[in-house]
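# Architecture at a glance
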Amino acid sequence: MNFDFYRTFYYVGKYQSITAAAKALYVTQPTVTHAIQSLERELGCSLFIRSQKGVRFTPEGEKFYTAVASACETIFQAEARLEASKNLSEGVIAIGASETTLHHYLIPILADFRKKHPGIHMKLFNSSTPEMLREILDGHIDFAVLVMDSNYRHENLSITHLTDFEDIMIGGQAFSELNGRSISLKEFIDYPLVSMEKGTMTRQFFDQFFHEHNLFPEPDIELATTDLIVPVIRGGLGIGLVPEPFAREALARGEIFNITLKEKIPRREICLIKKKKASLSLIGEAFIQYLLSDDR
């Protein structure tokens, strides 16, 4: 049976009026009357008693309305939520991000997107890159913005380059003899080194950079989070490699200084990672388009 018949029955029963139902449905009164008559004919019983004051339920119609009203309101709510998602006026997206991508890149974009679409709720997940990739593959997050090599290949993941950034070597006042000098990596490892702990992408990058120059340093201090590197170095406990955005404010205040290396530190990439063949929500797709837009 045509759902429009049930929809019409719902509004006639709600307003107890064919005229009011026609107005709510933006149709003519004869259209409403025809729908009710068709429904009654299909069901084999009368649903309303007509009078000059309007309509009222028959006993069968009243029982039938209770069930139909519940079903119709559930469908109407689902339609409203879908329309809200299409209009980006409500919904949820689950995004994975690393410390570096949040600090360097993602937070201003999230803030601007939220400002344009205040009804959107964002769930941010912060963990190690390997854990984040597993979360994407398991479907627990929609996508992630991580420090990755865009040449990385995985049969079930797509990787899209977004931007890049540089890492710098920094020292505090305890090692002021290095300020203004240009030193080699070989000299650099004679000093106490501060680094991220093993298993992180920053530590992997740190190790690979030194290994490419046949150097295999053992850091004196290993940290769990990138934002601890600058305070530890500022406190005079060592020197180390850090993403430039984390050091920017302390450099401007003169609390630390940039150590010039003779060897060039490769730039690192920030990439969008999502599961291939995954069906994202309308909101997720809209955010990715916003992320990739040149007009942002």
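Details of the structure are given in the entry above.
Conventions adopted
Residues numbered from 1 in each chain as written. Predicted model: local features only at pLDDT ≥ 70, side-chain atom pairs only at ≥ 80, totals over all residues. Heavy atoms only, no water. Pairing = 2+ DSSP bridges. Helix = DSSP H or I, 4+ residues; strand = E, 2+ residues; numbered from the N terminus. Buried < 20%, exposed > 50% of the residue type's maximum accessible area, 1.4 Å probe, protein only. Contact = heavy atoms within 4.5 Å. Axes fitted to C-alpha atoms, helices over the stretch in contact; angles between N-to-C directions. Arc of directions from axis to C-beta.

### So, the pairing of strand β12 (residues 256–261)
Bridge count for strand β7 (residues 167–172) against β12 is four bridges, and the pairing is antiparallel. Looking at β12, one finds that G171 is bridged to F257. Here strand β8 (residues 182–183) runs beside β12; their pairing, made up of two bridges, is parallel. The residue bridging I183 from the neighbouring strand is L261, located in β12.

### Notes on unusual backbone geometry
Phi at Q16 takes a positive value of approximately 55°, unusual for a residue other than glycine. Relative to the assigned elements, Q16 resides in the loop between α1 (3–15) and α2 (18–25). At Y26, a position not held by glycine, the phi torsion is positive, near 60°. Here Y26 shows up in the loop between α2 and α3 (29–43). Judged by its relative accessible area of 77%, Y26 falls in the exposed class.

### Concerning the sheet that holds β12
Pairing in this open sheet of six strands is mixed, and the strands run β8-β12-β7-β11-β9-β10 from one edge to the other. Two strands in the sheet have a free side with no partner beyond their single neighbour: β8 and β10 (221–223). As paired strands, strand β9 (residues 193–196) and β10 are joined by three bridges and run parallel to one another. In the strand pairing of β10, M196 is matched with L223. Those strands touched by helix α8 (residues 201–211) are β7, β9, β10, β11 (239–243) and β12, and its axis lies near 130° from that of β9.

### Description of helix α6 (residues 129–137)
Every buried residue of α6 is listed here: T129, M132, L133 and I136. Down the axis of α6, the sector holding all buried residues measures 100°, keeping them to one side. Along its buried surface, α6 packs onto β3 (91–97), β4 (120–125), β5 (143–147), β6 (157–165), α8 and β13 (268–275). Just beyond α6, the residue with positive phi is G139, at close to 80°.

### A look at the sheet that holds β6
In space, the five strands of this open sheet follow the order β4-β3-β5-β13-β6, with mixed pairing throughout. Since the sheet does not close on itself, it has two edges, and those belong to β4 and β6, each with one partner. Within the sheet, the average angular offset between the axes of one strand and its neighbour, ignoring direction, is 25°. As paired elements, β5 and β13 share five bridges and run antiparallel to each other. If you follow V147 over to β13, its bridge partner there is I270. Taken strand by strand, helix α5 (residues 99–116) contacts β3, β4, β5, β6 and β13, and its axis lies near 175° from that of β4. Contacting β3, β4, β5, β6 and β13, helix α11 (residues 282–292) crosses the sheet at an angle of about 50° to β3.

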